[in-house]
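# Chain and residue survey
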Amino acid sequence: AALVVAVACAAVLISPPRILSLYDRAVGGGAGVERVASAVPFGNHGQTLDVWRPTRAAGKPLPVLVWYHGGGWVKGSRADYAFAARAFAKAGFLV
């Protein structure tokens with residue numbers, strides 16, 4: 001029962017995507033990918049982006065996937081969704 005309460009409290013304090021990203025890192029989700037750029041500014045709302053690719057892709061042409069997470073400019077962050085970017089990069093995309 002105490003574990004259920006602890007998990008429920010954590011879910012209230014930490015966003016579900018952030019939990020997934022932390023879990024992904026803990027189980028090695030970043031293996032085989034690399035972040036080649038971090039917090040690159042773009043747009044006029046203070047947006048920033050990260051760029052991920054497979055580690056063995058240097059110099060190879062890759063399909064590009066551009067992905068925006070939801071949040072209405074008030075909730076969430078790119079770090080919360082890094083698990084998805086790493087998964088797409090692992091599948092062979094430049095994200």
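Read on for a plain summary of the structure. Once a new chain begins, its residue numbering starts again from 1 and follows that chain's sequence as written. A pLDDT threshold of at least 70 governs which residues receive local features in this predicted model, and a stricter bar of 80 or more applies before side-chain atom pairs are shown or counted, although totals over entire chains, interfaces and linings include all residues. Heavy atoms from the whole structure form the basis of all side-chain values; hydrogens and water molecules are not counted.

## Details of the overall build of the protein chain
Definition in use: Runs of E in the DSSP output that reach at least two residues are strands. Runs of H or I that reach at least four are helices, and both are numbered from the N terminus. Exposure classes here rest on a 1.4 Å probe applied to the protein chains alone. A residue is buried below 20% of its type maximum, exposed above 50%, and partly exposed in between. By definition, residues are in contact when any of their heavy atoms lie within 4.5 Å. Here the Shrake-Rupley method, with its probe set to 1.4 Å, supplies the accessible areas, and only the displayed protein chains count as covering residues.
Counting secondary structure elements, the protein chain contains 3 helices and 2 strands. Split into buried and exposed, the 95 residues of the protein chain put 19% on the buried side. Counted over contacts in the protein chain with a minimum sequence separation of 6, partners at least 24 positions apart contribute 54%. Of the roughly 6500 Å² of accessible surface on the protein chain, a fraction of 66% belongs to carbon and sulfur atoms.

## Thoughts on the pattern of salt bridges
Worth spelling out the cut-off: Between Lys or Arg on one side and Asp or Glu on the other, a salt bridge is scored when a side-chain nitrogen of the former is within 4 Å of a carboxyl oxygen of the latter.
Taken as a whole and assessed by the stated rule, the structure comprises 4 salt bridges. With a shortest N-O distance of 2.8 Å, aspartate 24 and arginine 86 are connected by a salt bridge. A residue pair is termed long-range when its members are at least 10 positions apart, and aspartate 24 in helix α2 (residues 16–26) and arginine 86 in helix α3 (residues 82–90) qualify at 62 residues. The residues aspartate 24 and arginine 86 share a single accessibility class, namely buried. As a salt-bridge pair, arginine 53 and glutamate 34 come within 2.9 Å of each other at their nearest N and O atoms. Here glutamate 34 lies in strand β1 (residues 33–42) and arginine 53 lies in strand β2 (residues 47–54), a separation of 19 residues in the sequence. Here the salt bridges share partners, and the residues they tie into one network are Arg35, Asp50 and Arg78.

## Section: the environment of leucine 49
In this fold, leucine 49 is placed in strand β2. Between the C-alpha atoms of leucine 49 and serine 38, which are 11 residues apart in sequence, the distance is 6.4 Å. Once residues lying within four places of it in the same chain are set aside, the contact partners of leucine 49 are Ala37, Ser38, Ala39, Val40, Phe42 and Arg78.

## Considerations on α3
When we look at burial in α3, the residues that qualify are Ala82, Ala84, Ala85, Arg86 and Ala89. Turning to α3, the residues buried within the fold contact α2, β1 and β2. Looking at the residues trailing α3, positive phi occurs at glycine 92, about 105°.

## Description of a nonpolar patch on the surface
Where we set the bar: Here a patch means residues that are over 30% exposed by relative accessible area and free of salt bridges, tied together within 9 Å if like-charged and within 5 Å if nonpolar (Val, Leu, Ile, Met, Phe, Trp, Tyr).
A surface patch of nonpolar side chains, about 350 Å² in accessible area, is lined by Val64, Val66 and Tyr68. Judged by its relative accessible area of 55%, tyrosine 68 falls in the exposed class.

## So, the nonpolar core
The condition is simple: In these notes, a set of buried Ala, Val, Leu, Ile, Met, Phe, Trp, Tyr and Cys residues joined through side-chain atoms within 4.5 Å is what counts as a nonpolar core.
With 6 residues, the main nonpolar core is built from Val33, Trp52, Ala82, Ala85, Ala89 and Val95. In terms of residue count, α3 provides more of this core than any other element does, 3 residues in total. Sequence-distant contacts of alanine 89, that is, excluding residues within four places in its chain, are made with Val33, Trp52, Arg53, Pro54 and Val95.

On their own, these measurements won't tell you what the molecule is for.
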